[in-house]
Amino acid sequence: ITMEILFNIAFYTIGIGLLCSRIVYVIEHFSIGFLNPLVFFLFPYFPGLSLAGGVGGALLFTLLYRAKKYPNGRIFDFFSMAFLAALPVGFLGQGLLLGMRDRFSGIFMPIIFLITLIFFVKILLPLNTRGEIEDGSLGFLFVVVFSLTTLISLIVRANNFIGLVMQLDVILLVILLIFSIIMLLVKEKHISLKKPNRGDN
């Protein structure tokens with residue numbers, strides 16, 4: 001797969017991710033103004049994006065994109081590593097813009113994802129390169145870490161646990177966590193989705 005093709009797929013993935021991120025935010029914070037296409041699409045002027053919605057949309061698009069016989073698992077791993085590398089900078093930048101009012105998000109989250117990035121690059125990526133980890137497993141493992149870390153951060157900062165559970169972002173994070181764990185086990189052959197033959201023991 002060439003860099004040009006990879007760039008094109010990345011462009012589509014970012015577009016779908018942003019669209020899904022905006023849709024989830026609008027559903028969770030619905031206002032009649034979002035029915036105006038200009039308000040809906042010009043999110044730099046009318047802010048509001050869902051990180052969980054963006055990750056979920058990008059994940060599904062990357063796995064389901066079948067224009068040609070591209071190595072979707074390897075592409076998913078590549079995009080996941082790139083996104084993981086951007087998360088510490090993103091959380092730190094958000095914290096600085098907000099004056100570090102939320103120290104957990106502005107300090108601890110960048111540190112957690114930076115440590116995760118180092119672990120992926122130093123330990124897991126060489127295993128994947130040697131073929132000891134299946135293509136796609138890095139991506140699903142990233143989603144597991146991302147979902148679990150984000151859920152923990154939301155729970156730690158929550159004032160109303162019942163209200164937190166009902167949030168669409170939290171529900172999506174739980175779905176992403178469960179789905180990624182199952183797919184990771186399937187990838188590494190710990191479980192099988194195929195029905196066993198009658199002759200199998």
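To keep things clear, this report deals only with the structure shown in the data block. Here the structure is a predicted model, which is why all the values come from computation and not from measurement. (Residues numbered from 1 in each chain as written. Predicted model: local features only at pLDDT ≥ 70, side-chain atom pairs only at ≥ 80, totals over all residues. Heavy atoms only, no water.)

Focus on the side chain of S147
Here comes step 1: In this fold, S147 is placed in helix α6 (residues 137-157).
Here comes step 2: Apart from the residues within four sequence positions on either side, S147 is in contact with L173, L176 and L177. (Helix = DSSP H or I, 4+ residues; strand = E, 2+ residues; numbered from the N terminus. Contact = heavy atoms within 4.5 Å.)

Regarding the nonpolar core
Here comes step 1: Counting 28 residues, the largest nonpolar core has F113, F120, F142 and F146 as its most contacted members.
Here comes step 2: Mapped onto this core, the elements with two or more residues apiece are α3 (51-64), α4 (72-97), α5 (103-129), α6 and α8 (168-187).
Here comes step 3: Looking at this core, the element that brings in the most residues is α6, giving seven residues.
Here comes step 4: Setting aside residues no more than four positions away along its own chain, F120 makes contact with M81, L84, L125, P126, L138, L141 and F142.
Here comes step 5: With eight residues, the next largest nonpolar core counts L6, I9, A10 and F79 among its residues. (Core = buried A, V, L, I, M, F, W, Y, C linked by side-chain atoms within 4.5 Å. Buried < 20%, exposed > 50% of the residue type's maximum accessible area, 1.4 Å probe, protein only.)

Some points on the side chain of D77
Here comes step 1: Considering the arrangement of structural elements, one finds D77 in helix α4.
Here comes step 2: One buried charged side chain, D77, makes no salt bridge at all; its nearest oppositely charged neighbour is R74, positioned 6.4 Å away. (Lys, Arg positive; Asp, Glu negative; His and termini not counted. Salt bridge = Lys/Arg side-chain N within 4 Å of Asp/Glu carboxyl O.)

Topic: the packing of aromatic side chains
Each aromatic ring pair is described using two quantities: the centre-to-centre distance and the angle formed by the ring planes.
Here comes step 1: Throughout the structure, instances matching the rule amount to 13 aromatic pairs.
Here comes step 2: When the ring of F11 is compared with that of Y12, the centres are 6.5 Å apart and the planes differ by 65°; the resulting orientation is edge-to-face.
Here comes step 3: Judged by its relative accessible area of 56%, F11 is exposed.
Here comes step 4: Look at Y12 and you get partly exposed, because its relative accessible area is 41%.
Here comes step 5: Ring centres of F140 and F179 lie 6.1 Å apart, and the angle between their planes is 70°; this geometry places the pair in the edge-to-face category. Separated by 39 residues along the polypeptide, F140 in helix α6 and F179 in helix α8 bring together distant segments of the chain.
Here comes step 6: Among the residues examined, F140 registers a relative accessible area of 1% and is labelled buried.
Here comes step 7: Residue classification places F179 among the partly exposed residues on the basis of a relative accessible area of 31%.
Here comes step 8: What links up through ring pairs into an aromatic cluster is the set F83, F91, F113, F142 and F146. (Phe/Tyr/Trp six-rings, centres within 6.5 Å; stacked < 30°, edge-to-face > 60°.)

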